[in-house]
Amino acid sequence: MNKFTLTLFSKFKLLAFIITIILVIFYDHLPKKKLQLHPKPTTFLESTADSVAGGSSTFSWINEKKHHWVCEYRDGVLYTFCSLSLIFSNRPLQPVDLSGYSHLEIDLDYKGTANYLRIFVRNKYDHETKVSQLEGGKFNAVLRKPQFFDMSTHIYFDEFRVADWWIAEFNVPPSEITPDVSKAISIGIDLPHPAPLGKHEYKLYSLNAVGVYIQKESLYFGIILFWTILLLGEMAFKFIHLRNNSAKYSKMLSNMTEQSAQYKEKAETDKLTRVLNREGLSQIVSSLEDKGLLQQYSLMVLDLDHFKIINDEHGHMVGDSVLQDVAKVITSCMRSYDILARWGGEEFVVLFHCMNDQTMVTFSEKVRNAIQSATYCNGQQGFVTASLGVSKLGNPPDFDLAFQKADKAVYKAKELGRNRCIIYDE
């Protein structure tokens, strides 16, 4: 994954993040899917009243074209009824699947004394007895107070319940008494029993089934799945990229290590500490620059604090021993591809691989703490401390300029009290 691809992928992630936030926050405002049930030319109206069963209640149109009617309930039978049903197709009946919708949107006017209106959905149900689909259809119903219809209102399908009388009449097993609108054949309006006697006036303006194109749970699951795949894919690409680079750098660094060994054989090492001297470091810097790797490194200049006092109070042999031990301590903190050199006297230079500013701070503090925590000569801990200055090689890299910056940072560290690390900040 090259730099251009990474930039493109980052922009794609940002766009995907923005879209995700919009979908989550504005989900309820997303366009809804709507199925018009009334008025609709293919919908048939069917009215009925208990007069067909020997009662005296009546259904009459005030204005059939405007779907304005009156049900007049009169005493005469035990169970009075009067209703209007919207049938979705002429015989043979063609069921409509409403299970993909969440609710009905009804615009209805009502005038009368009823405490409740009933909205019901007949769903196709196969009976063993010979009964018409309309008469035997599963009776899903919900009750609402009349004032509920003072404005266009929503009735959700999960509020519907199957009527007890329908369950009892057709001896329906418990496993099939749950509401179902997947094969709806009609939707009707009436009053639940017992209905108040007298006139009840209705006017139906519109009836629609409303739902969403994608359920909220499905949307969230899709978002989680999308981001899981996206992030795992990114991790896989980066892993492959890092593995390829690691192999490349390992090979280069292996060659560099071999060259370093050759330089040491040519006495390009400091005789006292057995680390690189200036010439050896110069060879390494040139090699890294030729391979295009130098800009990936940072430069650390390290100067031991009060080293003259150590020499004066303990002698030069102790001083030399301290320098040798410090070189070993620094080496123990380094990785195989970091380079240590003695610049001169009590001053050391570390060229270390660094990908970001945090790595500079972490590595430098590791070296400083290791020097301070180590024991020297007579086993005294904290006997030696160091002031450190760190700078980047830059791009394009400039070793001399980086050294000047790091050296300035060392002086600043000493001015601030020594035994500290200063990162050169332009």
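Chains are numbered independently. Their residues run from 1 in the order of the written sequence. Where local features are concerned, this predicted model is filtered to residues with pLDDT of at least 70; where side-chain atom pairs are given and counted, the filter is 80 or more; whole-chain, interface and lining totals use all residues. By convention in this description, side-chain values take in all heavy atoms of the structure and omit both hydrogens and water.

Participant: Please set out the overall build of the protein residue by residue, giving values where relevant.
Facilitator: Check the secondary structure of the protein and you find nine helices and 19 strands. Restricting the calculation to C-alpha atoms gives the radius of gyration, and the globule rule supplies 2.2 Å times the number of residues raised to the power 0.38. Computed over the C-alpha atoms, the radius of gyration of the protein is 43 Å, more than 25% above the 22 Å expected from 2.2 N^0.38 for a compact globule of 426 residues. Of all 426 residues assigned to the protein, the portion counted as buried reaches 42%. Sequence-distant contacts, at least 24 apart, represent 72% of the contacts inside the protein between residues at least 6 apart. Comment: elements are numbered from the N terminus, with helices defined as DSSP H or I runs of at least four residues and strands as E runs of at least two. Classification of residues uses two cut-offs on accessible area relative to the type maximum, computed with a 1.4 Å probe and protein chains only: under 20% is buried, over 50% is exposed, and between them is partly exposed. We call two residues in contact when some of their heavy atoms are within 4.5 Å.

Participant: Explain unusual backbone geometry to me, and be specific about the residues and the numbers.
Facilitator: For the bond running from His193 to Pro194, omega is 0°, close enough to zero to count as cis. Position of Pro194 among the secondary structure elements: in the loop between β11 (184-190) and β12 (198-212). In this structure, the amide linkage connecting Asn395 to the following residue, Pro396, adopts the cis form with an omega of 5°. Structurally, Pro396 is set in the loop between β18 (386-392) and α9 (399-415). With phi around 50°, Asn171 is a residue other than glycine that occupies positive phi space. Among the secondary structure elements, Asn171 is positioned in the loop between α3 (164-169) and β11. If you check the backbone angles, His306 has positive phi at about 55° while not being a glycine. Mapped onto the secondary structure, His306 falls in the loop between β13 (297-304) and α6 (307-314).

Participant: So, the sheet that holds strand β15 (residues 347-353): which residues are in play, and what are the values?
Facilitator: The mixed open sheet is built from five strands, whose spatial order is β14-β15-β13-β18-β19. With partners counted over all chains shown, the strands left at the sheet margins are β14 (339-344) and β19 (421-423), one partner each. Taking the axes of each pair of neighbouring strands and ignoring which way they run, one obtains an average angle of 20° across the sheet. Axis lines are fitted through C-alpha atoms, for helices just across the contact stretch, and the angle between N-to-C directions can take any value from 0 to 180 degrees. Contacts from α9 reach β13, β14, β15, β18 and β19, with the element oriented near 145° to β18. Strands are treated as partners if at least two bridges between them are detected by DSSP.

Participant: Before we move on, could you go through the state of the cysteines and cite the residues and values that matter?
Facilitator: Here, two cysteine sulfur atoms that lie within 2.5 Å of each other are counted as a disulfide. Taken as a whole and judged by the stated rule, the model has one disulfide. The disulfide partner of Cys71 is Cys82, and the S-S distance across this bridge is 2.0 Å. On the S-S bond that ties Cys71 to Cys82, the torsion sits near -75°, and the link is left-handed. A residue pair is termed long-range when its members are at least 10 positions apart, and Cys71 in strand β4 (residues 68-73) and Cys82 in strand β5 (residues 82-87) qualify at 11 residues. Cys82 gets classed as buried once you look at its relative accessible area, which sits at 1%.

Participant: Run through α6, naming residues and quoting values.
Facilitator: Residues of α6 that are buried include every one of Phe307, Ile310 and Asn311, and no others. Within α6, the buried residues cover an arc of 95° as seen down the axis, which keeps them to one side. Seen from the buried face of α6, the exposed residues on the opposite side, beyond 90 degrees, are Lys308, Asp312 and Glu313. Close packing links the buried residues of α6 with β13 and α7 (316-333). Phi turns positive, to about 95°, at Gly315, one or two residues after α6. The directions from the helix axis to the C-beta atoms are what the arc is built from.

Participant: Break down the sheet that holds strand β8 (residues 138-144) for me, citing the residues and quoting the values.
Facilitator: Read from one edge to the other, the open sheet built from six strands follows the order β2-β5-β11-β7-β8-β10, with strand pairing classed as antiparallel. Every other strand in the sheet has two partners, leaving β2 (44-49) and β10 (161-162) as the edge strands with one partner each. Here β5 pairs with β11 via four bridges, running antiparallel. Within β11, the position partnered with Leu84 by the bridge is Ile189.

Participant: With reference to specific residues and values, describe a negative patch on the surface.
Facilitator: Think of a patch as exposed residues, more than 30% relative accessible area, with no salt bridge, where like charges cluster within 9 Å and nonpolar side chains (Val, Leu, Ile, Met, Phe, Trp, Tyr) cluster within 5 Å. The method behind every accessible area is Shrake-Rupley, applied with a 1.4 Å probe, and residues are considered shielded solely by the protein chains displayed. Only one rule defines a salt bridge in this text: a Lys or Arg side-chain nitrogen within 4 Å of an Asp or Glu carboxyl oxygen. Working convention for charge: Lys and Arg count positive, Asp and Glu count negative, and His plus the chain ends are omitted. Here the site of a charge means NZ on Lys, CZ on Arg, CG on Asp, or CD on Glu. On the surface, Glu289, Asp290, Asp398 and Asp400 cluster together into a negatively charged patch. Note that Asp400 resides in helix α9.

Participant: Hey, could you go over the side chain of Thr20 for me, with residue numbers and the actual values?
Facilitator: Following the sequence through the fold, Thr20 ends up in helix α1 (residues 3-25). For Thr20, a relative accessible area of 14% corresponds to the buried category. Reaching out from Thr20, the side chain makes a polar contact with the backbone oxygen of Ala16 at a distance of 2.8 Å. N or O atoms closer than or at 3.5 Å make up a polar contact, with two conditions inside protein: a donor-capable atom paired with an acceptor-capable one, and, for residues adjacent in sequence, both atoms drawn from side chains. A distance of 3.0 Å separates the side chain of Thr20 from the side chain of Trp227, its partner in a polar contact. Those residues in contact with Thr20, other than ones at most four positions away along the chain, are Ile223 and Trp227.

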